[in-house]
Amino acid sequence: MKDTITSTLLTKNKVEKISTEDLQQQDYMEAIKAFARLTYESVYVIDYEKMAFEYVSENPLFLCGYSPNEVLDLGYEFYFKNVPEKDLTLLSLINEAGFDFFAKLPDEEKKHYSITYDFHLINREGKPTLINHKLTPLFLTGEGKMWKAMCIVSLSHHQQAGNICIYKQGTDELWALNIESKIWQKSEKPKLSKREIEILQLHAQGLTINQIAEKIFVAPDTVKYYRRRIFERLEVSNMVEALSRAVNSKMI
């Protein structure tokens, strides 16, 4: 099974040839390093021509106890060492379905799409952590294949692996992958009212229900009502999950 997974992860988007024109796009790494310094999330870059990592930030979540240089040296072997086999099977499915989806897009639109999904990483002490992994194209080849991708890793707000979605930048469109049928199902991001977004933003500032009620001149029970509506719309069960979903979906 692992050999099949290895083959899929390493060959589905294997880039065979980089043109001189493609190589002219290389002046970018300082911007990525600057972004990594400003975010709590882990940042890394995949090079699909070399099937290796080109950059790994110092943010610790993705590192699993290794140094950035050790993860760079491991490359794809990092996944095989630190992702449980069940989740490796999931990553293989995501890899295949995701690149099949990507290949059907018009070349001029491919950079507008990002994929997000959850899987476990196991650190050197054997402790698993469910992380959210986002990937977006950084450079395409002249043939429209994904040459390099930028990845962002943060803690997942879900309870289990999966939760695979593709988003199109600048729209409310999203596609969720049905793991059983391996079919992408189109839907739209959930929408929140201005009042619901305001209450989320106030919670993000650390205000309590009573403080929010006082600030927006309503009763605490009214705030609780809006909280319930937020949970229903975002399909979450608490405010931590709601804030994570809202941030990841660029609602606040």
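Conventions adopted
- Residues numbered from 1 in each chain as written.
- Predicted model: local features only at pLDDT ≥ 70, side-chain atom pairs only at ≥ 80, totals over all residues.
- Heavy atoms only, no water.
- Helix = DSSP H or I, 4+ residues; strand = E, 2+ residues; numbered from the N terminus.
- Rg over C-alpha atoms; globule rule 2.2 N^0.38 Å.
- Contact = heavy atoms within 4.5 Å.
- Areas by Shrake-Rupley, 256 points an atom, 1.4 Å probe, with all protein chains shown as cover.
- Lys, Arg positive; Asp, Glu negative; His and termini not counted.
- Charge placed at Lys NZ, Arg CZ, Asp CG, Glu CD.
- Salt bridge = Lys/Arg side-chain N within 4 Å of Asp/Glu carboxyl O.
- Pairing = 2+ DSSP bridges.
- Axes fitted to C-alpha atoms, helices over the stretch in contact; angles between N-to-C directions.
- Polar contact = N/O pair within 3.5 Å; in protein donor to acceptor, adjacent residues only side chain to side chain.
- Core = buried A, V, L, I, M, F, W, Y, C linked by side-chain atoms within 4.5 Å.
- Buried < 20%, exposed > 50% of the residue type's maximum accessible area, 1.4 Å probe, protein only.
- Phe/Tyr/Trp six-rings, centres within 6.5 Å; stacked < 30°, edge-to-face > 60°.
- Parallel < 35°, antiparallel > 145°, perpendicular 65-115°, else oblique.
- Left-handed = near helix turned anticlockwise from the far one by under 90°.

Can you explain the overall build of the chain? Please cite residues and give values.
A tally of helices and strands in the chain yields 10 helices and eight strands. Its C-alpha atoms give the chain a radius of gyration of 20 Å, near enough to 18 Å, the size a compact globule of 252 residues would have. Projected onto its principal axes, the C-alpha positions of the chain cover 65 × 45 × 40 Å. Excluding contacts between residues fewer than 6 apart, the proportion of contacts in the chain whose partners are at least 24 apart in sequence is 55%. Accessible surface for the chain amounts to roughly 13,700 Å². Of this, 50% is attributable to carbon and sulfur atoms. Distance from the positive charge centre (32 side chains) to the negative charge centre (35 side chains) of the chain: 5 Å.

So what about the pattern of salt bridges? Which residues, and what values?
This structure, assessed with the given rule, holds 11 salt bridges. The salt bridge involving Lys168 is made with Glu109; its shortest N-O contact spans 3.5 Å. Within this pair, whereas Lys168 is found in strand E6 (residues 162-168), its partner Glu109 is found in the loop between helix H6 (85-103) and strand E3 (113-122), the two being separated by 59 residues in sequence. Ionic contacts of the salt-bridge type, sharing partners, join the residues Glu196, Arg229 and Arg233 into one network.

I'd like to hear about the sheet that holds strand E1 (residues 42-47), residue by residue, with values.
Taken together, the eight strands give an open sheet; going across it, the order is E2-E1-E5-E4-E3-E6-E7-E8, and neighbouring strands pair in antiparallel fashion. Only two strands of the sheet have a single neighbouring strand rather than two, namely strand E2 (52-56) and strand E8 (183-188). Averaged over all adjacent pairs, the angle separating strand axes in this sheet is 30°, with direction ignored. Sheet topology note: the E3/E6 ladder contains five bridges and is antiparallel. Opposite Tyr113, over in E6, you have Lys168 as the bridge partner. Contacts from helix H3 (residues 29-38) reach E1, E2, strand E4 (128-140) and strand E5 (146-155) within the one sheet, and its direction differs from that of E2 by about 60°.

How would you explain the side chain of Ser156 if you had to name every residue and give the values?
Within the secondary structure layout, Ser156 lies in the loop between E5 and E6. Polar side-chain contacts of Ser156 include one of 3.1 Å to the side chain of Asp118. Not counting residues within four places of it along the chain, the set of residues in contact with Ser156 comprises Asp118, Leu130, Ile131 and Asn132.

Quick one: what's the story with the nonpolar core, residue by residue and with numbers?
In this structure, Tyr48, Phe53, Phe62 and Tyr79 are the most contacted members of the largest nonpolar core, which totals 45 residues. Of the residues forming this core, the biggest block, nine residues, is contributed by H6. Here Phe62 is in contact with Ser42, Tyr44, Phe53, Val56, Val71, Phe78, Tyr79, Leu121 and Val153, once residues within four sequence places are set aside. Core analysis: the next-biggest nonpolar cluster, separate from the first, contains 18 residues, Ile199, Ile212, Ile216 and Leu243 among them.

Explain the packing of aromatic side chains to me, using residue names and the numbers behind them.
Here the distance between the centres and the angle between the planes together describe a pair of aromatic rings. Tallied over the full model, the rule gives 18 aromatic pairs. Taking the centre distance of 6.1 Å and the plane angle of 40° together, the rings of Phe53 and Tyr76 count as tilted. Separated by 23 residues along the polypeptide, Phe53 in strand E2 and Tyr76 in the loop between helix H4 (68-74) and helix H5 (77-82) bring together distant segments of the chain. Tyr76 matches Phe53 in its accessibility class, with the two residues each being buried. Ring geometry for Tyr76 against Tyr79: centres 5.3 Å apart, planes inclined by 90°, an arrangement best described as edge-to-face.

Report on the pairing of E6, specifying residues and quantitative values.
Within E6, six of the seven residues are buried, which leaves it mostly tucked inside the rest of the structure. Where E6 meets strand E7 (residues 173-178), three bridges bridge the pair, whose relative direction is antiparallel. Bridge pairing links Cys165 to Ala176 in E7.

Quick one: what's the story with the environment of Ser154, residue by residue and with numbers?
Tracing the sequence through the fold places Ser154 in strand E5. Its relative accessible area of 5% is what places Ser154 among the buried residues. Separated by 32 residues in sequence, Ser154 and Lys186 place their C-alpha atoms 25 Å apart. Apart from residues lying up to four places away in sequence, Ser154 is in contact with Tyr40, Glu41, Leu61, Ile131, Asn132 and Lys134.

Talk me through the packing of helix H7 (residues 194-204) against helix H8 (residues 209-216); I want residue IDs and the actual numbers.
Interhelical geometry of H7 versus H8 gives an angle of 130° and a closest axis separation of 10 Å. As judged from the angle between their axes, H7 and H8 are oblique. When you trace H7 past H8, the crossing you get is right-handed. Residues Arg195, Glu198, Ile199, Leu202 and His203 of H7 form the contact with H8, whose participating residues are Ile209, Ile212, Lys215 and Ile216.

Nothing here speaks to function; it is all geometry.
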